[in-house]
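A look at the structure
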Amino acid sequence: MLVGFFFELRAAGVPVSINEFLALLEALQAHMAQGSAQEFYFLARACLVKDERHYDRFDRVFAEVFRGAERLCAQLLTAQVPSQWLQGFATRRFTEEERGRIEALGGLEQLLASLRERLAEQRERHEGGDKWIGTGGTAPFGARGFNPQGISIGQGSGRARRALKVWERREYRNFDDTVELGTRNLKLALRKLRKFAREGAADELDLEGTIDATARNGGLLDLKLIAQRHNTVKVLLFLDVGGSMDEHVRLCEELFSAARSEFRHLQHFYFHNFLYESVWRDNGRRFEAQMPTERVLRTYGRDYRVIVVGDATMSPYEITQTGGSIEHWNQEPGALWMQRLCAHFPRLVWLNPQDPQRWHYSPSVRITRELLGGRMFPLSIAGLDLAIGELRRPLMGTPAVLAGTDATSVTKAPSPAVP
Amino acid sequence: MSEQRFTGTAQYVATEDLMVAVNAAITLARPLLIKGEPGTGKTQLAQEISRCLERPLYEWHIKSTSKAQQGLYEYDAVSRLRDSQLGDARVHDIANYIVKGRLWEAFECAVQPVLLIDEIDKADIEFPNDLLRELDRMEFYVYETRELVRARHRPIIIITSNNEKELPDAFLRRCFFHYIRFPDEATMRAIVAVHYPDLKQELLGEALARFFEVRATPGLKKKPSTSELLDWIKLLVAEDIAPEALRSGDARKVIPILHGALLKNEQDVHLFEQLVFMHRRAR
């Protein structure tokens, strides 16, 4: 039974190792937690879980294994939409022409209004059609379909990678920065940004200075210490999480991991799809611990270099419209926040993990590139090199302009027309 | 192993899950890693365990410049060099220049001691990794004197962290872990009762209501915690404030009196003021 519990925990993504499991068995053998189920629960949690972010998952597995509770994922959906409508086993494939035919069905307001209407009208499960809410269809609502302005309801990861409202509070994971594999190249690229200066407490023996001072002292030893050399470049990292970024997580983790070890002054923030009035530092507490973007601008000076990582693939509303965010009501459009960020931090680049050949398929990428004055680079070693070149510009002088730094010119992509 | 169990003390209210975690760590002689919001009594826990079980306490406070080696021992090469130049006889025995660290002292203790490693996340990223063998086997090797130091009794090790840095997996695997949740209102009442046994129920009720209201304010930089609540109540008692004064009736006085104990940052005070003001006007 306990072995089953162990594997259930691992399946649920709680990182438990044999060591910890043995510790629990050892504790049980020492006759701990004989009193009650609750005591056993506390003991198992202390032994097996090493991070409060995993408490929730642990609780779910514990409930399931030991009380035979219903699978909680069934509750992921809101009460309005029964889940069996959305179990996407009809994943229809659409041809390019079909996708081309599906046109935007009017503005955001209209979409929301008609969703509400249809939710009220519809009373049964539906798949594959073009009006009702369900899976695999071409209607603008439901999951796994191909209307580019679709609203996603209860799905694992987006198929057409564009959605207007996420109807579930998904649990996001903080990017893991301990990934080492494959980060060497990224580190080498980032290393070009380094600028060394001595800083901090003097705790390194200065051999030259000591010899010199001892000689002057008539041979009596006089030790001299100096501070260690550190990289003094300051970097702010903004990372897109969730939604369409799911398939790029590994690459982002590698970048994050490499950056972590290269820069002493590295601050990271997360956002979803586009920058709005607040960002957060910890995905575990993203709804409680938000930080106003305005405070980020106030706190960090213009000497910081900013790297934004995101695929910029979303509905154009999310950038240009007030209230376009898929998660909350934003008072000001994302574009305005992006402009503020660019104005405050002259040295800013956007790294896009998507293949540059596909950039011109999404209007949102084009809008973002316009906002950035062309400073969007692919998240590859070559792209990173170019981005670092952009970041190394001296602070004085005019703000960076696109001329020649356009990323697509080096990646053999058919250069998309930037109006 | 010890048959003693930690049950909280007269000054410290321990929840059941905390007691189970502490007792598991004591029984299996593994380090216990404690995390939680600042001010929820992480550091105090070690002091209370040592008081409850009547064991000596060794505290090792970690700073950003702390090195793992400093907890074991340090070789004072500089004084040895000086002594050699001054012709001191002590210079021939290297052991004279080995300075013991907190961990060594705890290992040498005649009874099982409590060792507190406070705020381990302040140190360098590699710091926890450098202590793996020491915490696992409870022994280390002194290279200068070729001596193996082994713990006479495996100390009860309490490690606290404020989550500023992620700790390495290998380190976590060797520890038990407990996250001190922010106390709910019932626990909070018990905690306040322990500290101020003859506080008027009415005042306590009002104070707690205002306290949880302040905590619920979204976007605060630093949420007030248990220790701040206790300070605030101390002030209220010292100033002899009547419970009515805390009741949020007066529109001009939006901020609880003596708020300085609760809100530690002028931006937070400002934010709270604005929110309460907006809220009042909307009513």
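Criteria and cut-off values
Residues numbered from 1 in each chain as written. Chains lettered and ligands numbered in written order. Predicted model: local features only at pLDDT ≥ 70, side-chain atom pairs only at ≥ 80, totals over all residues. Core = buried A, V, L, I, M, F, W, Y, C linked by C-beta atoms within 7 Å. Buried ≥ 20, exposed ≤ 12 C-beta atoms within 10 Å, placed from the backbone. Helix = DSSP H or I, 4+ residues; strand = E, 2+ residues; numbered from the N terminus. Contact = placed C-beta atoms within 7 Å. Pairing = 2+ DSSP bridges. Axes fitted to C-alpha atoms, helices over the stretch in contact; angles between N-to-C directions. Nonpolar A, V, L, I, M, F, W, Y, C, P; charged D, E, K, R; others polar. pLDDT = per-residue confidence, 0-100. Parallel < 35°, antiparallel > 145°, perpendicular 65-115°, else oblique. Expected span 1.5 Å × (residues − 1). Arc of directions from axis to C-beta.

With that settled, consider the nonpolar core. Most often, soluble globular proteins have nonpolar side chains that are buried together. With 67 residues, the main nonpolar core has Cys 47 of chain A together with Ala 21, Ala 24, Leu 32, Ile 158 and Phe 176 of chain B as its most contacted residues. It is helix H1 (residues 16-28) of chain B that contributes the most residues to this core, seven residues altogether. Setting aside residues no more than four positions away along its own chain, Leu 32 of chain B makes contact with Ala 21, Val 22, Ala 25, Ile 157, Ile 158, Ile 159, Cys 175, Phe 176 and His 178 of chain B. With 46 residues, the next largest nonpolar core counts Leu 190, Phe 256, Trp 280 and Leu 386 of chain A among its residues.

A few words now on the environment of Pro 316 of chain A. All names here are of chain A. Tracing the backbone through its elements, the reader meets Pro 316 in the loop between strand S9 (305-309) and helix H11 (317-320). By C-beta crowding, Pro 316 is classed as buried, having 20 other C-beta atoms within 10 Å. Each C-alpha atom of the pair Pro 316 and Ser 364 lies 4.9 Å from the other, and the pair is 48 residues apart in sequence. Setting aside residues up to four positions removed in sequence, Pro 316 forms contacts with Pro 363, Ser 364 and Ile 367.

Residues and elements named next belong to chain B. Spatially, the five strands line up as an open sheet ordered S2-S5-S8-S1-S9, and their pairing is parallel. Two strands lie at the open edges of the sheet, namely strand S2 (57-61) and strand S9 (176-180), each paired on one side alone. Averaged over all neighbouring strand pairs, the angle between strand axes comes to 20°, with direction disregarded. Strand direction decides the pairing type here: strand S1 (residues 32-36) and strand S8 (residues 156-161), joined by four bridges, are parallel. Bridge assignment links Lys 35 to a residue of S8, and that residue is Ser 161. Contacting S1, S8 and S9, H1 crosses the sheet at an angle of about 160° to S9.

This part is about the interface of chain B and chain A. At the interface, 22 residues of chain B touch 23 residues of chain A. For the side of chain B that touches chain A, the secondary structure elements donating two or more residues are H1, helix H4 (77-86), helix H8 (169-173) and S9 of chain B. Per element, the largest residue contribution to the side of chain B that touches chain A is eight residues, and it comes from H1 of chain B. Its residues assigned to classes, the side of chain B that touches chain A comprises 10 nonpolar, six polar and six charged.

This brings us to the confidence of the model for chain B. Caution is warranted with low-pLDDT regions, since their predicted coordinates should not be read in detail. Of the residues in chain B, 92% reach a pLDDT of 70 or more, and the chain-wide mean stands at 82. For this predicted complex, the interface confidence score (ipTM) comes to 0.78, while the overall pTM stands at 0.54.

What follows is about the pairing of S9 of chain B. All names here are of chain B. Of all five residues in S9, five are buried; the element is thus mostly enclosed. Burial along S9 is two-sided: Phe 176, His 178 and Ile 180 facing one way and Phe 177 and Tyr 179 facing the other are all buried. Bridge count for S1 against S9 is five bridges, and the pairing is parallel. Across the sheet, the residue bridging to Leu 32 is Phe 176, located in S9.

Packing of helix H2 (residues 18-29) of chain A against H1 of chain B brings their axes to within 10 Å, and their N-to-C directions diverge by 90°. Relative to H1 of chain B, H2 of chain A is oriented roughly perpendicular. Contacts between H2 of chain A and H1 of chain B involve Ala 23, Glu 26 and Ala 27 of chain A from the former and Ala 24, Thr 27 and Leu 28 of chain B from the latter. A class-by-class count of the residues in the contact of H2 of chain A with H1 of chain B yields four nonpolar, one polar and one charged.

Below, the discussion takes up unusual backbone geometry. Residue Ala 312 of chain A is not a glycine yet carries a positive backbone phi of 50°. Relative to the assigned elements, Ala 312 of chain A resides in the loop between S9 and H11. Although it is not a glycine, Arg 146 of chain B sits at a positive phi angle of roughly 50°. Turning to its location among the elements, Arg 146 of chain B is positioned in the loop between strand S6 (139-142) and strand S7 (147-150). When the 8 C-beta atoms within 10 Å are taken as the criterion, Arg 146 of chain B is described as exposed.

Here we come to H2 of chain A. Relative to the 16 Å expected for 12 residues at 1.5 Å per residue, H2 of chain A spans 16 Å between its end C-alpha atoms, a close match to the ideal helical length. What H2 of chain A keeps buried is the set Glu 20, Phe 21, Ala 23, Leu 24 and Ala 27 of chain A. Buried residues in H2 of chain A, looked at end-on, bunch into an arc of 155°, giving them a common side. Exposed and oriented more than 90 degrees from the buried face of H2 of chain A are Ile 18, Asn 19, Leu 22 and Gln 29 of chain A. Taken together, the buried residues of H2 of chain A touch helix H1 (2-11) and helix H3 (37-48) of chain A together with H1 and H8 of chain B.

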